[in-house]
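# Inside the fold
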Amino acid sequence: MRFKVMVLMVGLSLLVSMGNGLVGANTSRALQERQRELDELTRAIEEQKDALASTQRQEQGVLAELNRLEQALALSEKELLFLEMQIEMVSENIADVESMLEMIRARMQERGEALSERIRAIYRAGLVSYLEVLLNSTSMSDFLTRFDMLRRIMAQDAELLQEAEADHLTYEGKLAELEVNRHHLQQLQEEEEAKRVQVATRAQEREDHLARLNRERAEYEQALDELDRESERLSEEIRRLQASLRRAGSGSIAMIRPVQGGWISSPFGPRMHPILGTQRMHTGVDFALPHGTPIYAAADGEVIVSGSQGGYGLTVIIDHGGGVATLYAHASTLLVRVGEEVKQGQVIARVGSTGMSTGPHLHFEVRVNGECVDPVPWYQ
Ligand code: ZN
């Protein structure tokens, strides 16, 4: 009997310590990882807020409002992602606490059974109390044997009761933690809902602004002029950066098509503008593709621009050496930073509709010494 109880207890405590260790290690790793991602996202949100503030201070042109709406939208999208990650983290925590509670509950039940089994055994043997066991001694040595046995059993019972008491406290504590977490989760879910509404509203505001520009021809023409000036500014910036980098290159580079699939919705060269009815130069090639499609680096090189560029929206420019650079505009997400070395075929951004763009597409430019050339012969 005592042996059985001992075995049961040793077994139980082993099970308990193993269980605790496993749940703890896995969850804390997952939670740490989640926390690290959250910290990174918090930094990105702060950067976005700074960018938005400086846009509001600096820009004056027709595209300033579009740019501001875009940055506000990007900020809301990041904040939404932040909330989603927090929800995931709290949910994981809840699952963890629930499985811990389940384990303690099972342990408490088993211990209860062990104790009641002991009491039943004592009754079965006709020993209604510890004292009676001693009173029934037949000799001094029998008394000592019984006394020793009882002392051990009592110590074990006391230990079991202490453990039961400790478990009960842990159980209550975890139950309270669960309650707090559930409340937190509910709050986060409400915030998430509100943020979703904000994202939708801001996306609509951006659409409305573009539509208004399209309706008002003079404004639209001004916006396109701004885009041309932006293109000129980029030419100078590319030349300046290439001069400072002096990246070696032959001047003729074998490129790959920067996206898979899609069709060319607008080729390079002068084109009649559908709304204005006047000729405008198209400085690159447009690939119509779904939002989020990966954009690949056309060749090895160094990222010299990665950020919001007025009418170009979120843009990456890569210097390939020898005065050759490629430009990728209107992205929804940028995945590289200025100064980063990229390999041909590496995903550098995702297709979007930022800047002067009415639908998701990639505007791809090849520039030689800052000047735009037809990109098609470079990747074909
Ligand atoms: Zn274009």
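A brief look at the structure comes next. From a predicted model like this one, the values you see are computed outputs, not experimental measurements. (Residues numbered from 1 in each chain as written. Predicted model: local features only at pLDDT ≥ 70, side-chain atom pairs only at ≥ 80, totals over all residues. Heavy atoms only, no water.)

### Remarks on the overall build of the chain
On a plain count of helices and strands, the chain comes out with 6 helices and 12 strands. Among the 380 residues that make up the chain, the fraction classed as buried is 41%. Summarising the internal contacts of the chain: among those between residues at least 6 apart in sequence, 72% fall at separations of at least 24. Working note: accessible area of the chain is about 20,500 Å², and carbon and sulfur atoms make up 56% of it. (Helix = DSSP H or I, 4+ residues; strand = E, 2+ residues; numbered from the N terminus. Buried < 20%, exposed > 50% of the residue type's maximum accessible area, 1.4 Å probe, protein only. Contact = heavy atoms within 4.5 Å. Areas by Shrake-Rupley, 256 points an atom, 1.4 Å probe, with all protein chains shown as cover.)

### Some points on the pairing of strand β3 (residues 279-282)
Only one face of β3 is buried, namely the one carrying Arg280 and His282, since none of Gln279 and Met281 on the opposite face is buried. Pairing between strand β2 (residues 269-272) and β3: 4 bridges, direction antiparallel. Directly across from glycine 269, in β3, lies its bridge partner histidine 282. (Pairing = 2+ DSSP bridges.)

### Things to note about the coordination of the zinc ion
When four donors bind a metal tetrahedrally, each ideal donor-metal-donor angle is 109.5 degrees, and when six bind octahedrally, the ideal angles are 90 or 180 degrees. At the metal site, the zinc ion is ligated by His282 (NE2), Asp286 (OD) and His363 (ND1), and these contacts range over 2.0 to 2.2 Å. If you list the donors of the zinc ion from N- to C-terminus, the spacing comes out as H-x3-D-x76-H. Here the residue aspartate 286 occupies a position in strand β4 (residues 285-288), and histidine 363 occupies one in strand β11 (residues 361-368), the gap between them amounting to 77 residues. There is no split in this pair, since aspartate 286 and histidine 363 are both buried. (Donors = N, O, S within 2.8 Å, 3.2 Å for Na, K, Ca; no water.)

### Focus on the packing of aromatic side chains
Under the definition given, this model contains 4 aromatic pairs. Considering the side-chain rings of phenylalanine 364 and tyrosine 379, the 6.4 Å spacing of their centres and the 55° angle between planes classify their relative orientation as tilted. Separated by 15 residues along the polypeptide, phenylalanine 364 in strand β11 and tyrosine 379 in helix α6 (residues 376-379) bring together distant segments of the chain. As far as the burial class goes, phenylalanine 364 and tyrosine 379 line up, both buried. Through a chain of ring-to-ring contacts, three or more aromatic side chains come together here, namely Phe287, Tyr328, Phe364 and Tyr379. (Phe/Tyr/Trp six-rings, centres within 6.5 Å; stacked < 30°, edge-to-face > 60°.)

### Thoughts on the nonpolar core
Formed by 27 residues in total, the largest nonpolar core has its most connected members in Met255, Ile295, Tyr328 and Ile348. For this core, the secondary structure elements donating two or more residues are β4, β7 (314-321), β8 (324-334), β10 (347-351), β11 and α6. Each residue touching isoleucine 348, except ones within four places of it in the same chain, is listed here: Ile295, Tyr296, Ala297, Val316, Ile318, Tyr328, Leu334, Leu335, Val336 and Val342. Formed by 21 residues, the second largest nonpolar core is a distinct cluster that contains Leu210, Ile238, Ile304 and Tyr312. (Core = buried A, V, L, I, M, F, W, Y, C linked by side-chain atoms within 4.5 Å.)

### Digging into helix α5 (residues 217-245)
The end-to-end C-alpha separation of α5 is 41 Å, in line with the 42 Å expected for 29 residues at 1.5 Å each. Remark: arginine 246 follows α5 within two positions and exhibits a positive phi of approximately 50°. (Expected span 1.5 Å × (residues − 1).)

### A short note on the side chain of glutamate 70
Structurally, the position occupied by glutamate 70 is in helix α2 (residues 62-124). Take glutamate 70: its relative accessible area is 8%, and that puts it in the buried class.

### So, unusual backbone geometry
You will see that histidine 330, though not glycine, has its phi angle at about 65°, which is positive. Counting through the fold element by element, histidine 330 comes out in strand β8. Positive phi values are uncommon outside glycine, yet asparagine 369 reaches one of about 50°. Following the sequence through the fold, asparagine 369 ends up in the loop between β11 and β12 (371-373). Take asparagine 369: its relative accessible area is 45%, and that puts it in the partly exposed class.

### Side note on the pairing of β4
Moving residue by residue along a regular strand, the side chains alternate between the two faces of the sheet. The alternating pattern of β4 places Val285 and Phe287 on one face and Asp286 and Ala288 on the opposite face, and all of these are buried. Relative to β4, strand β1 (residues 263-266) is paired through 3 bridges, and the arrangement is antiparallel. In the strand pairing of β4, isoleucine 264 is matched with phenylalanine 287. Two elements, β4 and β11, share 4 bridges in a ladder whose sense is antiparallel. Among the inter-strand pairings, aspartate 286 is bridged to a residue of β11, identified as histidine 363.

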